[in-house]
Each structure stands twice: as C-alpha cells, then as structure tokens.
Amino acid sequence: MAVPEAQARFGQSVKGLLSEKVGSCSGDVIALTRQVLKGSRSQELLGQAARNMVLQEDAILHSEDSLRKMSIITTHLQYQQEAIQKNVEHSRNLQDQLRHSLK
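Conventions we followed
Residues numbered from 1 in each chain as written. Predicted model: local features only at pLDDT ≥ 70, side-chain atom pairs only at ≥ 80, totals over all residues. Heavy atoms only, no water. UniProt positions renumbered as here; feature names shortened; annotations may be inferred. Helix = DSSP H or I, 4+ residues; strand = E, 2+ residues; numbered from the N terminus. Salt bridge = Lys/Arg side-chain N within 4 Å of Asp/Glu carboxyl O. Buried < 20%, exposed > 50% of the residue type's maximum accessible area, 1.4 Å probe, protein only.

The protein carries the name BLOC-1-related complex subunit 7 in an unreviewed UniProt entry, which gives Scleropages formosus as its organism. Looking at the Sequence similarities (unreviewed entry) heading of the UniProt record, one finds this comment for the protein: "Belongs to the BORCS7 family."

In structure tokens, the structure reads:
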C-alpha cells in the first residue's frame with residue numbers, strides 16, 4: 001500500500017508543479033499581450049503625430065503663401081500712398097498758382 005500512496009503524493013506533486021507552470025505561463029502571456037497592446041497604441045500615437053505634422057506643414061505653407069501675398073499688397077499700397085502724396089503736393093502747387101493768377 002505504500003506504493004499507491006507514494007504514487008498519489010507524486011501525482012499531487014506533479015499536479016502542483018504543473019499548476020505553477022501553467023500560472024507562470026499565463027502571467028507571461030498576459031505580460032506579452034500588454035506589451036503588444038502598448039506597441040499597438042504607440043503605433044497609433046505615432047501615426048496620429050505624423051498626420052498632425054502633415055497638417056501643420058500644410059498650414060505653414062499656406063501661411064507663407066499668405067505672407068508673400070500680403071507683402072506684395074503692402075508694396076502696392078505704398079506705391080499708391082506715394083502717388084497720392086505727390087498728387088496732393090501737385091494739387092497744392094496748382095492751388096497756389098491759381099491764387100496768384102487770380103490776384
């Protein structure tokens with residue numbers, strides 16, 4: 001009868017070791033799953049960052065184009081201002097000439 005008892009204890013011991021190994025493997029699978037999910041989330045974040053960067057680059061290019069156009073408009077407005085100032089001065093000179101000729 002000692003043999004069946006020893007076999008039972010040995011079976012229990014093997015079952016315990018097997019149970020520990022299964023638990024350890026389960027923990028490893030859970031840790032691996034978490035790492036994969038983290039990597040997936042990191043990929044998502046990197047993709048989103050890349051998309052945002054493209055949007056920002058487009059906005060910067062549009063802003064540069066707008067600034068270039070504004071610079072051209074500013075130059076044209078300066079030319080118009082100079083022309084108006086010359087016309088005002090010329091108008092003053094004509095007014096003076098008219099006053100002198102009417103005296």
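Okay, the environment of Gln12 next. Mapping Gln12 onto the fold places it in helix α1 (residues 2–102). For the pair Gln12 and Ser101, spaced 89 residues apart in sequence, the C-alpha separation works out to 131 Å.

Side chains that differ in charge, positive against negative, can pair when their charged atoms come close. Counted under the stated rule, the structure contains five salt bridges. With its nearest N and O atoms 3.4 Å apart, the salt bridge here joins Asp65 to Lys69. Of this pair, Asp65 and Lys69 both sit in helix α1, separated by four residues, roughly a single helical turn. For Asp65, a relative accessible area of 29% puts it in the partly exposed group. A salt bridge links Glu89 to Arg92; its shortest N-O distance comes to 3.9 Å. Note that Glu89 and Arg92 are positioned in helix α1 at a spacing of three residues, about one turn of the helix. On the basis of relative accessibility, which here comes to 40%, the residue Glu89 falls in the partly exposed class. With a relative accessible area of 47%, Arg92 lands in the partly exposed category. What you see here is one network of salt bridges that share partners, running through Asp65, Arg68 and Lys69.

Right, let's get into the environment of Gly47. Within the secondary structure, Gly47 sits in helix α1. Relative accessible area serves as the criterion here: at 22%, Gly47 is assigned to the partly exposed category. It is 83 Å that separates the C-alpha atoms of Gly47 and Lys103, two residues lying 56 residues apart in sequence.

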